[in-house]
Amino acid sequence: MKIGAIYARSSLGKDKQGDTVEHQVAMIKEFAKRTNIDVVFDDRFIYMDDGSSGFKTTLLQREPMKAMLDDIDKGLIDTVFFKGISRFARDSGESITTAKKLNYKGVRVISLEENYDSFRDEPTMFQIHAVLAEQESRKTSIRVSLGNKQKARNGDWPGTTPPIGLTKVKHLKDEELKKHLLASGRRPHSLHPDEYAPMVRKIFEMYLLDNLGRKRIVSKINDLGYRTRDGKFFKEKHVVDILSNEAYIGNIVYGKTRYDYVEDEGKNKKIQRTVKIDEVDWVRTENAHPAIIEKEVFEAVQKKIQENKKTFAHPKKFNAAKHPLTGLLKCGKCGGNMICQKRTNKKKDGTRIEYRYYVCSTYHQQGRNACPQANINADHLEEDISNFIEKKLSVFEDIDVSKRVQEKDDQKQRIMQEIRQVDLTLNKKLSASKSLLESKDLYDIETFIELNKTLQDEIKDLRQKKDSLDKEKDSLGANDSRMDLKELYEEFKQKKQDDIPYRRKVFHKLLESVVFEDNQVSEINFKQRLEL
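Residues numbered from 1 in each chain as written. Predicted model: local features only at pLDDT ≥ 70, side-chain atom pairs only at ≥ 80, totals over all residues. Heavy atoms only, no water.

Some remarks on the layout of surface pockets
Now for step 1: One number sums up the size of the second largest pocket: a volume of about 1000 Å³.
Now for step 2: In this structure, the second largest pocket is lined by 35 residues; those nearest its centre are K2, D38, D78, N452 and Q456.
Now for step 3: For the lining of the second largest pocket, the secondary structure elements donating two or more residues are β1 (2-9), β2 (39-49), α14 (402-438) and α15 (445-477).
Now for step 4: At 10 residues, the largest contribution of residues to the lining of the second largest pocket is made by α15. (1 Å grid on protein atoms, 1.4 Å probe; cavity = no way out; pocket = protein on both sides within 12 Å on 5 of 7 lines; lining within 4 Å. Points joined across faces, edges and corners; volume = space filled by probe spheres on them. Helix = DSSP H or I, 4+ residues; strand = E, 2+ residues; numbered from the N terminus.)

Description of the packing of aromatic side chains
Now for step 1: By the definition in use, this model includes six aromatic pairs.
Now for step 2: Judged by centre distance (6.4 Å) and plane angle (75 degrees), the ring pair of F204 and Y248 falls under edge-to-face. Of this pair, F204 sits in helix α7 (residues 197-208) while Y248 is found in the loop between α9 (236-243) and β8 (252-254), placing the two residues 44 residues apart along the sequence.
Now for step 3: Residue classification places Y248 among the buried residues on the basis of a relative accessible area of 1%.
Now for step 4: Taken together, the ring pairs in this structure connect F204, Y248 and F298 into an aromatic cluster.
Now for step 5: Positioned above the aromatic ring of Y207 is the side chain of K304, whose terminal nitrogen or guanidinium carbon lies 4.5 Å from the ring centre. (Phe/Tyr/Trp six-rings, centres within 6.5 Å; stacked < 30°, edge-to-face > 60°. Buried < 20%, exposed > 50% of the residue type's maximum accessible area, 1.4 Å probe, protein only. Lys NZ or Arg CZ within 6 Å of the ring centre and 35° of its normal.)

Things to note about the packing of α7 against helix α10 (residues 295-307)
To describe two helices that pack against each other, one gives the angle between their axes and the distance between the axes.
Now for step 1: Two numbers describe how α7 lies on α10: the axes approach to 10 Å, and their chain directions differ by 50 degrees. Between α7 and α10, the angle is such that the two are oblique. Remark: the crossing between α7 and α10 carries left-handed chirality. Within the contact between the two elements, α7 uses F204, Y207 and L208 and α10 uses V297, F298, A300, V301, K304 and I305. (Axes fitted to C-alpha atoms, helices over the stretch in contact; angles between N-to-C directions. Parallel < 35°, antiparallel > 145°, perpendicular 65-115°, else oblique. Left-handed = near helix turned anticlockwise from the far one by under 90°. Contact = heavy atoms within 4.5 Å.)

Let's talk about the sheet that holds strand β16 (residues 511-517)
Now for step 1: Spatially, the three strands line up as an open sheet ordered β12-β16-β17, and their pairing is mixed. In this open sheet, the two edge strands, each paired with only one partner strand, are β12 (329-331) and β17 (520-526). When strand polarity is set aside, the average angle formed by the axes of neighbouring strands in this sheet is 25 degrees.
Now for step 2: When β16 meets β17, the two strands line up antiparallel, connected through six bridges. Following the sheet pairing, F516 is matched in β17 by V521.
Now for step 3: In the packing of helix α13 (residues 378-393) onto the sheet, the strands contacted are β12, β16 and β17, and the crossing angle to β17 comes to about 45 degrees. (Pairing = 2+ DSSP bridges.)

Digging into a nonpolar patch on the surface
Now for step 1: Taken together, the side chains of M125, I128 and L132 make up a nonpolar region of the molecular surface, amounting to roughly 270 Å² of accessible area.
Now for step 2: Within the secondary structure, M125 is located in helix α5 (residues 123-153).
Now for step 3: In this structure M125 comes out as partly exposed when scored by relative accessible area, which is 36%. (Patch = residues over 30% accessible without salt bridge, like charges linked within 9 Å, V, L, I, M, F, W, Y side chains within 5 Å. Areas by Shrake-Rupley, 256 points an atom, 1.4 Å probe, with all protein chains shown as cover. Salt bridge = Lys/Arg side-chain N within 4 Å of Asp/Glu carboxyl O.)

A word on the nonpolar core
Now for step 1: The biggest cluster of nonpolar side chains holds 32 residues, and the ones touching the most others in it are M199, F204 and Y248.
Now for step 2: Counting residues per element, the ones that place at least two in this core are α7, α8 (214-223), α9 and α10.
Now for step 3: Considering each element in turn, this core owes the most residues, seven residues, to α7.
Now for step 4: Apart from residues lying up to four places away in sequence, Y248 is in contact with P163, I164, L166, V200, F204, I242, A291, I292 and I293.
Now for step 5: Of all hydrophobic cores here, the second largest spans 23 residues; its members include Y358, I376, A378 and V506. (Core = buried A, V, L, I, M, F, W, Y, C linked by side-chain atoms within 4.5 Å.)

Observations regarding the pattern of salt bridges
Now for step 1: By the definition in use, this model includes 27 salt bridges.
Now for step 2: E30 is the partner of R34 in a salt bridge, and the nearest nitrogen-oxygen pair spans 2.6 Å. Residue R34 and its partner E30 are both found in helix α1 (residues 21-34); the two are separated by four residues, about one turn of the helix.
Now for step 3: What makes E30 partly exposed here is its relative accessible area of 35%.
Now for step 4: A salt bridge links D457 to K453; the nearest nitrogen and oxygen atoms lie 2.9 Å apart. With D457 and K453 both in helix α15 and four residues apart, the pair spans about one turn of that helix.

Regarding the sheet that holds β2
Now for step 1: What the five strands build is an open sheet, ordered β2-β1-β3-β4-β5; its pairing is mixed. Two strands in the sheet have a free side with no partner beyond their single neighbour: β2 and β5 (116-117).
Now for step 2: As paired elements, strand β4 (residues 108-111) and β5 share two bridges and run antiparallel to each other. By the bridge assignment for β5, S111 is matched with Y116.

Quick look at the packing of α8 against α9
Now for step 1: In contact at an axis separation of 9 Å, α8 and α9 are set at 105 degrees when each is read in the N-to-C sense. One finds that α8 runs roughly perpendicular with respect to α9. In this structure, α8 contributes R214, K215, I217 and V218 to the contact, and α9 contributes E236, V239 and V240.
Now for step 2: Residue classes in the contact of α8 with α9 are distributed as four nonpolar, no polar and three charged. (Nonpolar A, V, L, I, M, F, W, Y, C, P; charged D, E, K, R; others polar.)

Considering the environment of Q464
Now for step 1: Within the secondary structure, Q464 sits in helix α15.
Now for step 2: In this structure Q464 comes out as partly exposed when scored by relative accessible area, which is 39%.
Now for step 3: Separated by 391 residues in the primary sequence, Q464 and D73 place their C-alpha atoms 8.8 Å from one another.

Describing the pairing of β16
On any regular strand, side chains alternate: one points to one face of the sheet, the next to the other face.
Now for step 1: A large share of β16 lies buried, amounting to five of its seven residues.
Now for step 2: Connecting the antiparallel pair β16 and β17 is a turn made up of two residues, with D518 showing a positive phi of about 60 degrees.

Observations concerning the confidence of the model for the protein chain
Now for step 1: Looking at the protein chain as a whole, the pLDDT averages 82, with 83% of positions reaching at least 70.
Now for step 2: The model gives residues 13-17 a pLDDT under 50, and that stretch makes two contacts with residues more than four places away or in other chains.
Now for step 3: pLDDT under 50 marks residues 312-318. Its contacts with residues more than four places away, or in other chains, come to 12 contacts. (pLDDT = per-residue confidence, 0-100.)

Below you can see the structure in the form of structure tokens.
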């Protein structure tokens, strides 16, 4: 009996609220039953995607897709069903490439909406459907954008979640106030100040009148007990967004930016690129709802932001090469990254001494109330880690590993030769399977089923053999690094004391993470086992 897999991805569009993954799974199962497709469904091979935008992510960025392709590589799946090509992927190029891979592996592809079956239809039909699905998706995106622009012109909030301190009239908790506003002609999707409005005023006051920077504001707001709508601590980004949002003076502004998503082929992911729109093309509706901040105060804040633009909008970036544990050091109390800061002290004789220390990023962004982790002297911590690594590497000092490495290389070459032979045989069997399918009308049904089963069993056995060989090859590769580690140890002994960029290079080559809690290192995780 053949195994059927279901790939179901929900839609984020309002017109698709009933198109849940559960609904798609039920529909596909019913379709297979009614059309007598000879497959068995198993919950292990139902892959449910959360509906993240197909424009923002590649197929291989989606965990359900990666899991399905991995199971296909293991020979566990015979047929893949999906409701429609638009549920499979929004990018036609990705859809076509992935469908070709499935076809190459002998997997049948069935799409309900397009009535496509790879065992029956030409591959060009899938390509046409994929291009049409992508075009329709882009049209939908344009329609949504135009609709949001019209909402903004009407004085309605065009997005889902309004800025903190403001709530859509229809979502106000005070039922009496809601009824009064709606009766007086206010639109349900227009905004009105809520219980967070006093906090917004406090932030503007601290920035403009108390002359506090964003870090101090964040710390004070968190210490006063304010939290975001989802109960989390405030961060600097929240303060930056609040101080520059015209919604607080009663204006609705839409269309300041748009996002393009460019595929990074090397990393199999899409990169978000923000495109700024000329102000003449924005939609701005003034006095659309009651203001929280006076216009004069808001303008004064914008002026101050512009005066401090270099430090406000572009905080100083640290030179990662000078801080070996950046990206590796974790806070043991909150789990956040620990970042390196520099401070310069001046002695009485005028001598300036630079002091480096690592600080928890949670505390740095949200204040001591968010994380009480103490700072740590960078030089002392890096020296301790350096000594620990040197001790771990010292096992390679007097060992000649060249002979063992050569033996492993010979084994690896033998395995790679076997893999090439398996690939050659597998390709022949796949071609034979394709030829059999193309000429199935020449056979009676019993003969065709018997021949096809024999070929599919042989293909499955070859794939399993290749997987086993790949794993054996990978296990050998794990030991090939011993010579490198011996050389690294000899070089590290010479440079570790006075070459900080080199120390960073070694740390990032060997370490996965370092956890620091209270006043000590609680955990050191290596990327590989430093053993013979």
